[in-house]
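The residues making up each chain are set out below.
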Amino acid sequence: MAVSERQVCVIIGMGGMGRAIARRIGHGRTLLIADRDEESIEALAVGMREEGLLVEATVADVTSARSMEQLSQLAHSLGPVAHVVHTAGLSPAQGSLADILAVNVLGPAHMLETFAGVMMPGGSAVVIASNAGHMDDRCLSPDDRTALTGTPAAELMHLPLLSEERFESSSAAYRFAKRVVQLRVQAAAVPWSTGGCRVNSVSPGVTATPMGRSERAAGNQNVERLISESPVGRVAAAEEIAEAVAFLLSSSASFIYGSDLLVDGGAVAARLHPLGR
């Protein structure tokens, strides 16, 4: 495809949150949407084109370095890559412990590596983490942090810190995986800045998406407590998370590098400071 001057926005993972973000930031740009489900991604692209969006769709496996490299090159071929949003992930109810670690840790790691070299100057990216990462209570030494943030994606899953045996449940693996995402985004901010680009993360609370509903349907009582004990007392709408993402991608956030924006209705605040209620 010929390169155009229309800026390209890449959305990786087209669940409820990915769809809301695509619609929030996609107008006037070329949207490249990617998901592992070929049938649903094509149907979604058709619907979004009917809404007036310029959409290209492709299949991508976030756990595969080759697949993510192909995605970054496809994005680059479409025009100047202005924004990338990585939303792909698995909740505790959606996969095995091994799958949760692979998708939630490797996916963002691959994105941070493969897209760093194709972004236009002034480009920005956001990775969706989770407020669960703020509730992980495992102590990390400076060496642990260096290993988790500095190990190349190709070697990441061989770290003892990410061994399945370390986690007593899928929920524990999910919390730790999201903490790793927050740390890797922070560490990536400096190398990304050498190309004139920014990268940050957003940590949502429980959100009204298929993923959020699956956790509630699975009877996850911790999720229910997070909702009921939060100051806002409800789940987030996907559009509320999309607004936070749009802000971090915009020039209004031009001084924000390597930060995690907690958008959870105060759930973490209530968990850490229960006497304040």
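Residues numbered from 1 in each chain as written. Predicted model: local features only at pLDDT ≥ 70, side-chain atom pairs only at ≥ 80, totals over all residues. Heavy atoms only, no water.

Draft legend 1. Up close: the packing of helix 4 (residues 97–115) against helix 7 (residues 170–193). Their axes nearest at 9 Å, the elements helix 4 and helix 7 cross at an angle of 10°. When the interaxial angle is binned, helix 4 and helix 7 end up roughly parallel. Along the contact surface, helix 4 presents Leu97, Ile100, Leu101, Asn104, Val105, Pro108, Ala109, Met111, Leu112, Glu113 and Phe115, while helix 7 presents Ser170, Ala173, Tyr174, Ala177, Lys178, Val180, Val181, Arg184, Val185, Ala188 and Trp192. Residues belonging to the contact of helix 4 with helix 7 are distributed by class as follows: 17 nonpolar, 2 polar and 3 charged. (Axes fitted to C-alpha atoms, helices over the stretch in contact; angles between N-to-C directions. Helix = DSSP H or I, 4+ residues; strand = E, 2+ residues; numbered from the N terminus. Parallel < 35°, antiparallel > 145°, perpendicular 65-115°, else oblique. Contact = heavy atoms within 4.5 Å. Nonpolar A, V, L, I, M, F, W, Y, C, P; charged D, E, K, R; others polar.)

Draft legend 2. View of the nonpolar core. Grouped together as the largest cluster of nonpolar side chains are 33 residues, with contacts concentrated most on Val10, Ile12, Val84, Met111, Phe115 and Trp192. Mapped onto this core, the elements with two or more residues apiece are strand 1 (8–12), strand 2 (30–35), helix 3 (65–78), strand 4 (81–86), helix 4, strand 5 (119–128) and helix 7. With residues near it in sequence (within four places) discarded, Val10 still touches Leu32, Ala75, Val81, His83, Val84, Val85 and Phe115. Judged by nonpolar contacts, the second largest core, of 30 residues, contains Met48, Val85, Ala236 and Leu249. (Core = buried A, V, L, I, M, F, W, Y, C linked by side-chain atoms within 4.5 Å. Buried < 20%, exposed > 50% of the residue type's maximum accessible area, 1.4 Å probe, protein only.)

Draft legend 3. Main features of the state of the cysteines. Within the structure shown, the criterion is met by 0 disulfides. Between Cys9, a cysteine without a disulfide, and Cys197, which holds the nearest cysteine sulfur, the sulfur-to-sulfur distance is 13 Å. (Disulfide = S-S within 2.5 Å.)

Draft legend 4. Representation of the packing of aromatic side chains within the structure. Scanning the model with the defined rule gives 1 aromatic pair in all. Arranged with centres 5.5 Å apart and planes meeting at 45°, the rings of Phe167 and Phe176 form a pair that is tilted. Neither residue differs from the other here; Phe167 and Phe176 are each classed as buried. The positively charged end of Arg138 is found above the aromatic ring belonging to Phe176, 6.0 Å away from the centroid. If you follow Arg166 out to its NZ or CZ, it ends over the ring of Phe176, 5.4 Å from the centre. (Phe/Tyr/Trp six-rings, centres within 6.5 Å; stacked < 30°, edge-to-face > 60°. Lys NZ or Arg CZ within 6 Å of the ring centre and 35° of its normal.)

Draft legend 5. Region of the structure containing the pattern of salt bridges. For the structure on display, the rule yields 6 salt bridges. The salt bridge involving Arg23 is made with Glu51; its shortest N-O contact spans 2.9 Å. Taken as a pair, Arg23 in helix 1 (residues 16–25) and Glu51 in the loop between helix 2 (38–50) and strand 3 (54–59) lie far apart in primary sequence, 28 residues in all. When its relative accessible area of 33% is taken as the criterion, Arg23 is described as partly exposed. Classification of Glu51 by relative accessible area gives partly exposed; the value is 42%. Between Arg179 and Asp136 there is a salt bridge, with its nearest N and O atoms 3.0 Å apart. Residue Arg179 is located in helix 7, and its partner Asp136 is located in the loop between strand 5 and helix 5 (142–150); the two are separated by 43 residues in the primary sequence. Since its relative accessible area comes to 14%, Arg179 is described here as buried. (Salt bridge = Lys/Arg side-chain N within 4 Å of Asp/Glu carboxyl O.)

Draft legend 6. Quick look at the sheet that holds strand 5. Reading across from one edge, 3-2-1-4-5-6-7 is the order of the 7 strands in this open sheet, with parallel pairing throughout. Two strands lie at the open edges of the sheet, namely strand 3 and strand 7 (260–263), each paired on one side alone. Across the sheet, the mean angle from the axis of one strand to that of its neighbour is 15°, orientation sign disregarded. Note: strand 5 against strand 6 (residues 198–204), 5 bridges, orientation parallel. (Pairing = 2+ DSSP bridges.)

Draft legend 7. Representation of the pairing of strand 5 within the structure. Of all 10 residues in strand 5, 7 are buried; the element is thus mostly enclosed. With 5 bridges connecting them, strand 4 and strand 5 associate as parallel partners. Looking at the pairing, His83 lines up with Ser124 of strand 5. You can see the chain leave strand 4, run along helix 4 and come back into strand 5, and the turn it takes is right-handed. (Right-handed = clockwise from strand over helix to strand, strands pointing away.)

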